[in-house]
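Okay, here's what each chain looks like letter by letter:
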Amino acid sequence: MSIYFWDILRFFRRLTIRKVFNISKVFSSFYFTNYFQKAMQWGMPFSISIEPTTACNLNCPECPSGLRSFSRPIGNLKEDFYRNTIDDLYKDLLYLIFYFQGEPFINPKFLEMVKYAHKKNIYTITSTNGHFLNDENAKKTIESGLDRIIISVDGTTQEVYEQYRKGGKLENVLSGAKNLVKWKKKLAAKNPHIIFQFLVVKPNEHQIPEIFRIAKEIGVDEVKLKTAQVYDYKDGNPLIPSIDKYSRYRKTKNGEYVVKNQLLNRCWKLWHSCVITWDGTVVPCCFDKDATFRLGDLKNQSFIELWQSDEYQNFRNKILLGRDKIEICTNCTEGCKVWA
């Protein structure tokens, strides 16, 4: 059967009556909010991103972690805090993204955390730069029960790859992918679904056909082409692709660049998901990379208190009044989608 079939099947196997009921409450409250233009939240998030670490081995130019430009501290998610958080949320939680900033495999307890979520019947995903997938880690990754792994491969030659993934070695990344494929076959495992993610920027756009060839040769399940977010885009940026469909930005008549996405005053992410940083801070979404909009702290309050708090509801209402007034929303291409 198709590799996509098994991935979809694993996802739907995580559904329970309680989770379906919760999802229906989240959808209903989102649509009623948009109709009445007043924030209502009746369910719990069914998707959460949790940050294993803020540390990273690379120096990518559009990444706060890579640039070491955080104002928040660098650290690793603690296993006991993580387990307590999952214990509070797993009954309503459908999928868990082990990624925000940093390289997840730097946290020495990362795969144990994946295994714990897997045992709690949660669909698990991570995103990695691929430099830590040695033979031992690749085997442990398969054994952890991880459902999906995204490996960033932003070039098909070292010369092009390192223009964005500064400090990285393409050879190590491809070797790591081969290790995963090898152990997946040896252990007769259906998961994880292995994805090559190709961040399309101007220096690598000519290599798009080649990444599909390499992925097929290695045995990777899927290739995803991702548009790149850049911070300094108004006057143009050398990373903005010349192929329009792969660019988040368009050039106006006066020569300035603007985000293509229409900034609607709604945000699906504020209803079905959130991000938990390594130290327990809850922020609205993955665009708040430096945790500027802190909506609560799980070290001091329960998640249900935080999720239904006045502070969270006030932020949801601000979205309804004008996303263009909220800094993290102005470079967003996702917030108005009804599924993320």
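Our subject is the structure listed above.
The structure displayed is predicted, hence computed values, not measured ones.

**Thoughts on the sheet that holds strand β9 (residues 273–276)**
On the basis of which strands lie adjacent, the open sheet formed by nine strands has the order β6-β5-β4-β3-β2-β1-β9-β10-β11 and mixed pairing. The sheet is open, and its two borders are formed by β6 (222–227) and β11 (296–297), each paired with just one other strand. In the packing of helix α4 (residues 79–89) onto the sheet, contacts are made with β1 (47–50), β2 (95–98) and β9, and the angle to β2 comes to roughly 160 degrees. Contacts from helix α5 (residues 110–119) reach β2 and β3 (123–128) within the one sheet, and its direction differs from that of β2 by about 175 degrees.

**Things to note about the nonpolar core**
Tyr 82, Leu 96, Phe 98, Ile 151, Phe 196, Ile 276 and Phe 303 are the most contacted members of the largest nonpolar core, which has 94 residues in total. Here this core gets seven residues from one element, more than from any other, and that element is helix α8 (residues 170–186). Here Ile 151 is in contact with Thr 128, Gly 130, Leu 133, Val 173, Ala 177, Leu 180, Ile 194, Ile 195, Phe 196 and Gln 197, once residues within four sequence places are set aside.

**Some words on α5**
Those residues of α5 lying buried are Phe 110, Leu 111, Met 113, Val 114, Tyr 116 and Ala 117. Contact partners of the buried residues in α5: α4, β2, β3 and α6 (135–144). Downstream of α5 by a residue or two, Asn 121 has a phi angle that is positive, lying close to 65 degrees.

**A few points about the packing of aromatic side chains**
Enumeration according to the criterion identifies 21 aromatic pairs in this entry. Ring geometry for Phe 11 and Tyr 95: centres 5.8 Å apart, planes at 55 degrees, overall tilted. With Phe 11 in helix α1 (residues 3–13) and Tyr 95 in strand β2, this residue pair connects regions lying 84 residues apart in the sequence. Judged on exposure class, the residue Phe 11 and its partner Tyr 95 are both buried. Following the ring pairs from residue to residue traces out a cluster consisting of Phe 27, Phe 30, Tyr 31, Phe 46, Trp 268 and Trp 271.

**Section: the packing of α5 against α6**
Where α5 contacts α6, the two axes come as close as 9 Å, and the packing angle between them is 15 degrees. Taken together, the axis directions place α5 and α6 in an arrangement best described as roughly parallel. Crossing angle aside, the handedness with which α5 passes α6 is left-handed. Facing α5, whose interface residues are Leu 111, Val 114, Lys 115 and His 118, α6 presents Asn 137, Lys 140, Thr 141, Glu 143 and Ser 144. Partitioned by chemical class, the residues of the contact of α5 with α6 number two nonpolar, four polar and three charged.

The rules we used
Residues numbered from 1 in each chain as written. Predicted model: local features only at pLDDT ≥ 70, side-chain atom pairs only at ≥ 80, totals over all residues. Heavy atoms only, no water. Pairing = 2+ DSSP bridges. Helix = DSSP H or I, 4+ residues; strand = E, 2+ residues; numbered from the N terminus. Contact = heavy atoms within 4.5 Å. Axes fitted to C-alpha atoms, helices over the stretch in contact; angles between N-to-C directions. Core = buried A, V, L, I, M, F, W, Y, C linked by side-chain atoms within 4.5 Å. Buried < 20%, exposed > 50% of the residue type's maximum accessible area, 1.4 Å probe, protein only. Phe/Tyr/Trp six-rings, centres within 6.5 Å; stacked < 30°, edge-to-face > 60°. Parallel < 35°, antiparallel > 145°, perpendicular 65-115°, else oblique. Left-handed = near helix turned anticlockwise from the far one by under 90°. Nonpolar A, V, L, I, M, F, W, Y, C, P; charged D, E, K, R; others polar.

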